[in-house]
Amino acid sequence: MSALQNAVDARRTFAIISHPDAGKTTLTEKLLLFGGAIQQAGAVKARGEQRRAHSDWMKVERERGISVTSSVMTYEYAGHTFNLLDTPGHQDFSEDTYRTLTAVDSAVMVIDAAKGIENQTRKLFEVCRMRNVPIITFINKLDREARDSFDLMDEIEQSLQLDVTPASWPIGMGRDFQGCYDLFRDRLILLSRSRADIPDEGEICEGLDDPKLDELLPDYAVAKLREEVEMARGLCPEFDLAAYRDGDMTPVYFGSAINNFGVRELLNGLTERAPSPRPQEATARTVAPIEEKVSGFVFKIQANMDPKHRDRIAFVRLCSGKFKRGMKMRHVRSGKTLNLHNAVLFLARDRELAEEAWAGDIIGIPNHGNLRIGDTLTEGEELQFKDIPNFAPEMLQKVRPDDPMKAKHLGRALVQLAEEGAARALKPLVGSDWIVGVVGVLQFEVLAERVRTEYDVAVRFEASELYTARWVEADDAQMLKQFGDENRTAMSEDHDGSPVFLARNAWHLNKAEEDWPELRFLKTKEQNV
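First things first, this report covers the structure right here in the doc.

Reading guide: rules and limits
- Residues numbered from 1 in each chain as written.
- Predicted model: local features only at pLDDT ≥ 70, side-chain atom pairs only at ≥ 80, totals over all residues.
- Heavy atoms only, no water.
- Helix = DSSP H or I, 4+ residues; strand = E, 2+ residues; numbered from the N terminus.
- Buried < 20%, exposed > 50% of the residue type's maximum accessible area, 1.4 Å probe, protein only.
- Contact = heavy atoms within 4.5 Å.
- Areas by Shrake-Rupley, 256 points an atom, 1.4 Å probe, with all protein chains shown as cover.
- Pairing = 2+ DSSP bridges.
- Axes fitted to C-alpha atoms, helices over the stretch in contact; angles between N-to-C directions.
- Salt bridge = Lys/Arg side-chain N within 4 Å of Asp/Glu carboxyl O.
- Left-handed = near helix turned anticlockwise from the far one by under 90°.
- Nonpolar A, V, L, I, M, F, W, Y, C, P; charged D, E, K, R; others polar.
- 1 Å grid on protein atoms, 1.4 Å probe; cavity = no way out; pocket = protein on both sides within 12 Å on 5 of 7 lines; lining within 4 Å.
- Points joined across faces, edges and corners; volume = space filled by probe spheres on them.
- Core = buried A, V, L, I, M, F, W, Y, C linked by side-chain atoms within 4.5 Å.
- Patch = residues over 30% accessible without salt bridge, like charges linked within 9 Å, V, L, I, M, F, W, Y side chains within 5 Å.
- Lys, Arg positive; Asp, Glu negative; His and termini not counted.
- Charge placed at Lys NZ, Arg CZ, Asp CG, Glu CD.
- Parallel < 35°, antiparallel > 145°, perpendicular 65-115°, else oblique.
- Phe/Tyr/Trp six-rings, centres within 6.5 Å; stacked < 30°, edge-to-face > 60°.
- Lys NZ or Arg CZ within 6 Å of the ring centre and 35° of its normal.

Further remarks concern the overall build of the chain. Helix and strand content of the chain: 14 helices and 33 strands. Put simply, the chain has 529 residues, and 59% of those count as buried. Residue pairs in contact within the chain that sit at least 24 positions apart in sequence constitute 70% of those at least 6 positions apart. In the structure as shown, the chain presents an accessible area of about 22,400 Å², 47% of it carried by carbon and sulfur atoms.

Sheet architecture is open: eight strands sit in the order β28-β25-β27-β26-β30-β31-β29-β32, paired in antiparallel fashion. The open sheet is flanked by β28 (459-463) and β32 (520-522), the only strands paired with a single partner. Across the sheet, the mean angle from the axis of one strand to that of its neighbour is 40 degrees, orientation sign disregarded. As paired strands, strand β30 (residues 491-493) and strand β31 (residues 499-503) are joined by three bridges and run antiparallel to one another. Residue pairing in the sheet places serine 492 in a bridge with valine 500 of β31. Lying on the sheet, helix α11 (residues 407-419) is in contact with β25 (395-401), β26 (424-428), β27 (434-438) and β28; it crosses β25 at an angle near 145 degrees. The strands touched by helix α13 (residues 477-486) are β29 (468-473), β30, β31 and β32; relative to β29, the strand with the most contacts, the crossing angle is about 145 degrees.

One pass over the full model with this rule turns up 27 salt bridges. Notably, a salt bridge pairs arginine 317 with aspartate 105, separated by 3.1 Å at the nearest N-O pair. Of this pair, arginine 317 sits in strand β15 (residues 312-320) while aspartate 105 sits in the loop between α4 (94-101) and β4 (106-112), and the two are 212 residues apart along the sequence. Neither arginine 317 nor aspartate 105 differs from the other in exposure class; each is buried. A salt bridge links aspartate 515 to lysine 511; the shortest N-O distance between them is 3.0 Å. Residue aspartate 515 and its partner lysine 511 are located together in helix α14 (residues 506-515), separated by four residues, close to a single helical turn.

Across the chain, the bulk of peptide bonds are trans and the bulk of non-glycine residues have phi less than zero. The backbone of alanine 78 shows a phi angle near 50 degrees, a positive value even though the residue is not glycine. Considering the arrangement of structural elements, one finds alanine 78 in the loop between β2 (71-77) and β3 (80-86). Of note in this structure, glutamine 161 is not a glycine but carries a positive phi near 55 degrees.

A few words on the packing of α11 against helix α12 (residues 442-455). The geometry of α11 relative to α12 is characterised by a closest axis approach of 11 Å and an angle of 115 degrees between their N-to-C directions. Crossing angle aside, the handedness with which α11 passes α12 is right-handed. Note on element contacts: α12 touches α11 through Leu447, Arg450, Val451 and Tyr455, opposite Leu410, Ala413, Gln416 and Leu417. For the contact of α11 with α12, the class distribution of residues is six nonpolar, one polar and one charged.

Further remarks concern the pairing of strand β7 (residues 168-171). Burial along β7 is two-sided: the face carrying Ser168 and Pro170 and the face carrying Trp169 and Ile171 are both buried. Here β7 pairs with strand β8 (residues 179-182) via four bridges, running antiparallel. Opposite proline 170, over in β8, you have cysteine 180 as the bridge partner.

Turning next to empty space enclosed by the protein. Counted by the stated rule, this structure contains five cavities of 30 Å³ or more. If you add up the space inside the second largest cavity, you get close to 40 Å³. In this structure, the second largest cavity is lined by Asp182, Phe184, Arg185, Tyr253, Glu265, Asn268, Gly269, Glu272 and Arg273. Class assignment for the residues of the lining of the second largest cavity results in two nonpolar, two polar and five charged.

Core analysis: the largest hydrophobic core is formed by 83 residues, its most contacted members being Trp169, Phe323 and Ile363. Residue contributions to this core peak at six residues, all from β15. Those residues in contact with tryptophan 169, other than ones at most four positions away along the chain, are Ser149, Phe150, Met153, Gly179, Cys180, Tyr181, Leu183, Leu225, Glu228, Val229, Ala232 and Phe254. By size, the runner-up hydrophobic cluster in this structure holds 25 residues, among which are Leu31, Tyr244, Leu266 and Leu270.

Turning to a negative patch on the surface, a few remarks are in order. Together, Asp163, Asp240, Asp246 and Asp248 make up a negatively charged patch on the protein surface. By secondary structure assignment, the location of aspartate 163 is in strand β6 (residues 163-166). For aspartate 163, a relative accessible area of 37% gives the class partly exposed.

Next up on the list: the packing of helix α2 (residues 24-34) against helix α10 (residues 263-273). At a minimum axis separation of 10 Å, α2 and α10 run at an interaxial angle of 75 degrees. When the axis of α2 is compared with that of α10, the two are roughly perpendicular. On α10, the residues that touch Leu27, Lys30, Leu31 and Phe34 of α2 are Val263, Arg264, Leu266 and Leu267. Of the residues contributing to the contact of α2 with α10, the split by class is six nonpolar, no polar and two charged.

Going through the model one piece at a time under the given rule, you end up with 16 aromatic pairs. Taken together, a centroid distance of 5.0 Å and an interplanar angle of 50 degrees make the contact between phenylalanine 150 and tryptophan 169 tilted. Of this pair, phenylalanine 150 sits in helix α6 (residues 149-160) while tryptophan 169 sits in strand β7, and the two are 19 residues apart along the sequence. Tryptophan 169 carries the same exposure label as phenylalanine 150, and that label is buried. Ring pairing ties together the aromatic residues Phe14, Tyr75, Tyr77 and Phe82, which thus form one cluster. Here lysine 300 stacks its cationic end above the ring of phenylalanine 315, 5.6 Å away from the centre of that ring. Looking at lysine 427, its charged tip hangs above the ring of tryptophan 434, at a distance of 5.6 Å from the centre.

Below you can see the structure in the form of structure tokens.
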């Protein structure tokens, strides 16, 4: 086998999805801990001077204990390289999550054992389903009182239309939680009550009838375990690798991330069963990861990761080939050649120069605004990767600087944040105020904070009478110009200069669509246009 084939086979690029507070960030930290990438996991809402979560590096994330940006962490485990993309759990940042899911090959869905499937989990799952992303389920927080395991598995099956099969089975819950039985490997893993300890590999058992179980567990727990596992095996289909990789089946692991419990079993499951980098659809053809020529696409831009420098990093998912430092790559949208001598690999905010990287890896390319979300990089071929969407904003507000002399600075800040995908910055053709459009209301707070701390411009958001925004496209450029001239007071441009129609209410939008049937009023738009 070639070095490229070996490297691709050893890659696992995955995201973690969940509803806020299901324990996603804690699980992220524990995966890094088991992978040897960090020595101490800081609980997200840790007391005092204990470290904040490694993956939540932005000031607003550390203050609120939520994730609002995607971060990338690379670590090694069992001879494999894992690229973990931590996604925003908060629903107001779902657009960033959606784009992140275009860059992964599989996902881990974290579910709170007491609450089951919640709203945001369902939304994110739908995105995974659209892309046929294979999902492993981790039912978390079994150290607290939880719902019945059969009940939880039935909910996953019924509400997500997925076949479920248990990969491990819990022994008790809450105070009586004693551990899990690993059904795939036939071994018993007992819970250590110290959060600092990493549990051992577990006792190897010869199936559930092994007398070892009677020695290690109380009588009632063994009887219940044997009965429940027999029932689960009878009710659930056997694990089918092909069905899992097609996105039709999910193996379910039980555990308690904060107690380091169940994390190793989940990591082993990812190592043995999660897919290596998958072929990516492009406009002209499908790109296989083992092709010699390097290609990739930008799925995220992050400005100001290092407050000491005015930096902007483009996160690029490599789709094929072996990347080497100093390579020249073609930026397909502009036709320019980029010399990539300073690309980086990530561990949350820490980075190191990428001497080499392979298909499936995520690299960061520092740039000054020439790379945008959806851009394709190749070694010369005219390719364009598909499926990186832009969403029309659902909430629109005016934004003004407290100091009118800083209006120009504010414009620059908004354009940079819009290129990052954090919001839509719309400049109306009439009037001097900028309009900011977002998908969720918390984004306004985060934007105001970021503009203040990163660009030193104090701003205030004010309600606007606008209902929604739509990109306007037409095959006939003259007709588009005519529409713009007749509706000048309702027209604006986004940061790319694309025309955007600002509707005052639903009637206003419907009337425009009726009067101009040749125009397309777009709610979503691919970012690679």
